[in-house]
Amino acid sequence: MEKTTQEKLLNQQHTEKHFASKDVVKDVIMGVSDGLTVPFALAAGLSASTKVSPSIVLVAGLAEVAAGSISMGLGGYLSAKSEEDHYMREMKREQEEIINCPDIEAAEIEEVLAEYGLEPHEYAPVVNALRKKPQAWLDFMMKFELGLEKPRPGRAIESAFTIAAAYIIGGLVPLLPYMFIPGATEAVITSIWVTLMALFFFGYVKGLFTGDRPLKSAFETTLTGAIACAAAYGIGRLVQLIK
């Protein structure tokens, strides 16, 4: 009874802080980072021309956000689907190897466990136990020999919609000033400040989720967006001067 109470107390004191939905976080980071940067650079490049009104920049930016979200979402779907197909192919191959050459596969389990510092007398019971449970054996080989995680059902569709939605949310941020400010110069200056602040905030939050130093992540993300904006604006001005 005392042992059970002690175990409960230890469990309460030790709470592991892991974020389970790493795939969703990865999709959100991909969508928002591209959504903030690409339309931002496009708007800045178009604004470099003195003949372009804010309404034209807004329409072009919204068109890019629509096309970009579809493209990014489709890319996310195809990427997740290819990972799922690869996993299924490898699982089928591994299953056939377990059936056709179980001794070789058992030896591979021993090699995997030996890499963790286990001695033969320590991993032998584990190997014997896995050989009696084919599904557990297969799962073990997929994860520890091949390093493959089983994809969640519906992962491809989830990835597509998550990336697309994140791209739209990020893409609308640099375009908001063009919706309310009539002057092109004022709109682009406001867009720059708003987007840089959004990039800084996004980079900071990204650092919290990815385990990176938040401030370092914030400055790196902001710097990337600033470089993209400066390059696009400079190219736009150069084209204007050539004309």
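Residues numbered from 1 in each chain as written. Predicted model: local features only at pLDDT ≥ 70, side-chain atom pairs only at ≥ 80, totals over all residues. Heavy atoms only, no water.

(A) A look at the overall build of the protein chain. Across its full length, the protein chain holds 10 helices and zero strands. The buried share of the protein chain, reckoned over its 243 residues, is 34%. Taking as baseline every contact in the protein chain between residues at least 6 positions apart, the subset at least 24 positions apart corresponds to 72%. As displayed, the protein chain has an accessible area near 15200 Å², and 65% of this comes from carbon and sulfur atoms. (Helix = DSSP H or I, 4+ residues; strand = E, 2+ residues; numbered from the N terminus. Buried < 20%, exposed > 50% of the residue type's maximum accessible area, 1.4 Å probe, protein only. Contact = heavy atoms within 4.5 Å. Areas by Shrake-Rupley, 256 points an atom, 1.4 Å probe, with all protein chains shown as cover.)

(B) Summary view of a negative patch on the surface. A surface patch of negative charge is lined by Glu-110, Glu-111, Glu-115 and Glu-145. Broken down by element, the residue count for the negative patch peaks at three residues, all from helix H4 (residues 102-115). Structurally, Glu-115 is set in helix H4. Relative accessible area serves as the criterion here: at 68%, Glu-115 is assigned to the exposed category. (Patch = residues over 30% accessible without salt bridge, like charges linked within 9 Å, V, L, I, M, F, W, Y side chains within 5 Å. Salt bridge = Lys/Arg side-chain N within 4 Å of Asp/Glu carboxyl O. Lys, Arg positive; Asp, Glu negative; His and termini not counted. Charge placed at Lys NZ, Arg CZ, Asp CG, Glu CD.)

(C) Layout of the nonpolar core. In this structure, Ile-109, Leu-113, Val-127, Trp-137, Phe-140, Met-141 and Met-142 are the most contacted members of the largest nonpolar core, which totals 16 residues. By residue number, the principal contributor to this core is helix H6 (residues 134-145), which donates five residues. Excluding anything up to four places from it in sequence, Met-141 contacts Glu-94, Ile-98, Glu-105, Glu-108, Ile-109 and Leu-146. Counting 12 residues, the second-largest nonpolar core is a separate cluster that includes Val-25, Val-32, Val-173 and Cys-229. (Core = buried A, V, L, I, M, F, W, Y, C linked by side-chain atoms within 4.5 Å.)

(D) Quick look at the pattern of salt bridges. By the definition in use, this model includes eight salt bridges. Between Glu-158 and Arg-152 there is a salt bridge, with its nearest N and O atoms 2.8 Å apart. A salt bridge links Glu-158 to Arg-155, with the shortest nitrogen-to-oxygen separation between them at 3.1 Å. Of this pair, Glu-158 and Arg-155 both sit in helix H7 (residues 155-172), three residues apart, which is roughly one turn of that helix. Assessed through its relative accessible area of 26%, Glu-158 is described here as partly exposed.

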